[in-house]
Amino acid sequence: IADSLNRIAKLALDEGNFDEALRRNEAALALCEEINTDFGITLMLNDLAAIHHAQGNDETARQLFIRVLEKVIAMQSYPLLLDALLHLATFFKDRDNDAYASRLAHLIIASENSYHHQKADAQRILDAISAPPSTEANTFPENAIQDADILDIARDLIAYLSTL
């Protein structure tokens, strides 16, 4: 049921119906909390952060992203971490922090465990950035990033988000 509610929330978000997206996602989160599934809770929090960001509630989104990163680090759930990094790349792009958005997008593309759709979404973010940095520090060879590297970067990202 929570998965269905989350899918409806994503459709509502895509249509710009933020209130419906928020309501459906919060209902899905409540169900995940009721059955105490860390994976589901983290997934719903990640999507909730994206909804708040889309609404312009960046402070709430930032706080939720920190919670998501803390949870995925504890769980060591790399697919969820990569999804969170995708949302964060969009968050930084929309806040005109193209350097950080570019670094995260390149990281996703270079990850050994990112899915094709995650790489494609990361590439769309790079394409949307007007002048992506091309320095070596912001690009990685495809599939060169190991899971442990991503966890370290996520820890650094929590510290960075805490300063915003």
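What counts, and at which threshold
- Residues numbered from 1 in each chain as written.
- Predicted model: local features only at pLDDT ≥ 70, side-chain atom pairs only at ≥ 80, totals over all residues.
- Heavy atoms only, no water.
- Salt bridge = Lys/Arg side-chain N within 4 Å of Asp/Glu carboxyl O.
- Helix = DSSP H or I, 4+ residues; strand = E, 2+ residues; numbered from the N terminus.
- Buried < 20%, exposed > 50% of the residue type's maximum accessible area, 1.4 Å probe, protein only.
- Expected span 1.5 Å × (residues − 1).
- Contact = heavy atoms within 4.5 Å.
- Phe/Tyr/Trp six-rings, centres within 6.5 Å; stacked < 30°, edge-to-face > 60°.

Asks: Is there a simple way to think about the pattern of salt bridges in this case?
Replies: With the rule as written, the count across this model stands at nine salt bridges. The shortest N-O distance in the salt bridge between Arg95 and Asp58 comes to 3.8 Å. Of the two residues, Arg95 sits in the loop between α5 (78-94) and α6 (98-110) while Asp58 sits in helix α4 (residues 58-75), which places them 37 residues apart along the sequence. Salt-bridge contacts for Arg62 lead to Glu59; the nearest nitrogen and oxygen are separated by 2.6 Å. Linking Arg62 with Glu59, this pair stays in helix α4, spanning three residues, or about one helical turn. According to the relative accessible area criterion, Arg62 is buried, its value standing at 11%. Among the charged side chains, a salt-bridge network with shared partners connects Glu20, Arg23 and Arg24.

Asks: Is there a simple way to explain helix α2 (residues 18-35) in this structure?
Replies: Owing to its 3.6 residues per turn, the α-helix brings residues three or four apart onto one side. Helix length check: α2, at 18 residues, gives a terminal C-alpha distance of 26 Å against a target of 26 Å (1.5 Å per residue), a fit within 8%. Inspection of α2 places Glu20, Ala21, Leu22, Asn25, Ala28, Leu29 and Cys32 among the buried residues, and these make up the whole buried set. The inward-facing, buried residues of α2 contact α1 (2-14) and α3 (38-55). At the exit of α2 stands Asn36, carrying a positive phi of roughly 60°.

Asks: For this particular structure, what's the right way to read the packing of aromatic side chains?
Replies: The relation between two aromatic rings is expressed through the spacing of the ring centres and the mutual angle of the planes. Inspection of every chain in the model, using the stated rule, returns five aromatic pairs. Between the aromatic rings of Phe65 and Phe91, the centroid separation amounts to 5.6 Å while the plane-to-plane angle is 70°, which identifies the pairing as edge-to-face. Separated by 26 residues along the polypeptide, Phe65 in helix α4 and Phe91 in helix α5 bring together distant segments of the chain. Pairing Phe91 with Phe92 gives two aromatic rings, centres 5.5 Å apart and planes at 75°, and the pair type is edge-to-face. Pair check on accessibility: Phe91 and Phe92 agree, each one buried. Grouped by ring-pair contacts, the aromatic residues Phe65, Phe91, Phe92, Tyr100 and Tyr160 constitute a single cluster.

Note that all results are geometric; they support no functional claim without further evidence.
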